[in-house]
Amino acid sequence: MNVTEIFYSLQGEGQLAGVPSVFVRLAGCPLRCRWCDTRYAWSAEQGDPMPLDDIVRAVRQYPCRHVVITGGEPMMAPDLPDLTVALRDADAHITIETAGIAHDPRIACNLMSISPKLGNSTPEDPRLAHIHEPARFNLAVLRVLLDTYDYQLKFVVDAPADLDEIEAVLRDLAPVNREKVLLMPQAATRDELVRESPLVADLCKQHGLTFCPRLHILLWDNRRGA
Ligand code: SF4
């Protein structure tokens, strides 16, 4: 598999925020989100090829059970099912961070952490928007993921108007357990996170949805590999 990086940290987002976890960042993503903070993982070719056994060995050297498979978009990696089965056999707790745009039924996963991409993710550059817009959202795939796995839905909020789109998505996906729906501020730096969090907290209270921390930004200002 093409791997961008493997590192040990704390899960920064979602219901497992704060849990020590090994992150396996797979290379390659077909989307071009405007605010993407892992552009270095867009190209599959820029990752280092690693056999599955080496990935499992690298993961097991750390003192934790939790493994977060992220990207890029890990669901696009052809060997993802084999990696998840190997990690499950090694007794890992597997979280997959995905935009929810592809699925393979052979994937083993304890928590499908889905971040559907809203209109606020579309890049301004028309060439990138042309790539991004038709691929960013797939209702049929989201439905399958919600029906198949324990899940959380994490939405990036850029402005109050985003809540109209989020509520429309939740209606289209109904029934959705709203306790598993989280809103997180669009922020790439600690300053932005502190500035934008109160607005998102108010929106969480208005809509009865959960505020999603972004610990890695708060603690390390989104430093790569921290
Ligand atoms: S899906 Fe994730 S990795 Fe891909 S462009 Fe969007 S934010 Fe970046």
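Residues numbered from 1 in each chain as written. Predicted model: local features only at pLDDT ≥ 70, side-chain atom pairs only at ≥ 80, totals over all residues. Heavy atoms only, no water.

> Got a minute to help me understand the packing of helix H1 (residues 52-60) against helix H2 (residues 80-89) in this structure?
Between two packed helices, what matters for the description is the angle formed by their axes and the separation of those axes. Relative to each other, H1 and H2 sit at 45 degrees, their axes nearing to 10 Å. Accordingly, the angle class assigned to the pair H1 and H2 is oblique. The element H1 and its partner H2 pack so that their crossing is right-handed. For the pair H1 and H2, contact is made by Leu52, Ile55, Val56 and Val59 and by Asp82, Leu83, Ala86 and Leu87, respectively. Tallied by class, residues from the contact of H1 with H2 come to 7 nonpolar, no polar and 1 charged. (Axes fitted to C-alpha atoms, helices over the stretch in contact; angles between N-to-C directions. Helix = DSSP H or I, 4+ residues; strand = E, 2+ residues; numbered from the N terminus. Parallel < 35°, antiparallel > 145°, perpendicular 65-115°, else oblique. Left-handed = near helix turned anticlockwise from the far one by under 90°. Contact = heavy atoms within 4.5 Å. Nonpolar A, V, L, I, M, F, W, Y, C, P; charged D, E, K, R; others polar.)

> How should I be thinking about the site of the ligand in this particular structure?
Every residue lining the ligand is accounted for by Cys29, Leu31, Arg32, Cys33, Cys36, Thr38, Trp42, Gly72 and Lys117. Applying the majority rule of atoms within 2 Å of the grid points places the ligand in the largest pocket. Of the residues that constitute the shell around the ligand, the class distribution is 5 nonpolar, 2 polar and 2 charged. (Near = heavy atom within 4 Å. 1 Å grid on protein atoms, 1.4 Å probe; cavity = no way out; pocket = protein on both sides within 12 Å on 5 of 7 lines; lining within 4 Å. Sits in = over half its atoms within 2 Å of the grid points.)

> What is the right way to read the pattern of salt bridges from this model?
Two side chains carrying opposite charge are able to pair once their charged atoms lie near each other. Applying the stated criterion across every chain, the model contains 17 salt bridges. In this structure, the salt-bridge partner of Lys154 is Glu13, at a minimum N-O distance of 2.7 Å. Remark: Glu13 occurs in the loop between strand S1 (2-10) and strand S2 (20-26) and Lys154 occurs in strand S7 (residues 151-157); sequence separation between them is 141 residues. This pair shows no difference in class: Lys154 is buried, exactly as Glu13 is. With a closest N to O distance of 2.8 Å, Lys154 and Glu97 form a salt bridge. A residue pair is termed long-range when its members are at least 10 positions apart, and Lys154 in strand S7 and Glu97 in strand S5 (residues 93-98) qualify at 57 residues. In this structure Lys154 comes out as buried when scored by relative accessible area, which is 2%. (Salt bridge = Lys/Arg side-chain N within 4 Å of Asp/Glu carboxyl O. Buried < 20%, exposed > 50% of the residue type's maximum accessible area, 1.4 Å probe, protein only.)

> In this structure, what is going on with unusual backbone geometry? I would like to understand it.
With omega at 20 degrees, the peptide bond leading from Gly71 into Gly72 counts as cis. Positionally, Gly72 belongs in the loop between strand S4 (66-70) and H2. Note that the residue after Ala174, namely Pro175, is joined by a cis bond; omega there is 5 degrees. Note that Pro175 resides in the loop between helix H5 (162-173) and strand S8 (181-185). Its identity as a non-glycine residue notwithstanding, Asp91 has a phi of 70 degrees, on the positive side. Relative to the elements of secondary structure, Asp91 occurs in the loop between H2 and S5.

> Looking at this structure, how should I read the sheet that holds S2?
The strands making up a sheet are joined through hydrogen bonds of the backbone, oriented either antiparallel or parallel. As summarised here, the arrangement of the 9 strands in space is S3-S1-S2-S4-S5-S6-S7-S8-S9, forming an open sheet in which the pairing is mixed. Unpaired on one side and paired on the other, strand S3 (48-49) and strand S9 (210-211) mark the two borders of the sheet. Note: S1 against S2, 7 bridges, orientation antiparallel. Residue pairing in the sheet places Tyr8 in a bridge with Val22 of S2. (Pairing = 2+ DSSP bridges.)

> I'm lost on the packing of aromatic side chains in this one. Help?
A ring pair, where both rings are aromatic, is described by two values, the distance of the centres and the angle of the planes. Applying the stated criterion across every chain, the model contains 2 aromatic pairs. Ring geometry for Phe7 against Phe23: centres 5.1 Å apart, planes inclined by 5 degrees, an arrangement best described as stacked. With Phe7 in strand S1 and Phe23 in strand S2, this pair connects stretches of sequence that are 16 residues apart. The class for Phe23 is buried, based on a relative accessible area of 9%. Note on Tyr8 and Tyr62: the rings are 5.0 Å apart at their centroids and 20 degrees apart in plane angle, and the pair reads as stacked. Of this pair, Tyr8 sits in strand S1 while Tyr62 sits in the loop between H1 and S4, placing them 54 residues apart in sequence. (Phe/Tyr/Trp six-rings, centres within 6.5 Å; stacked < 30°, edge-to-face > 60°.)

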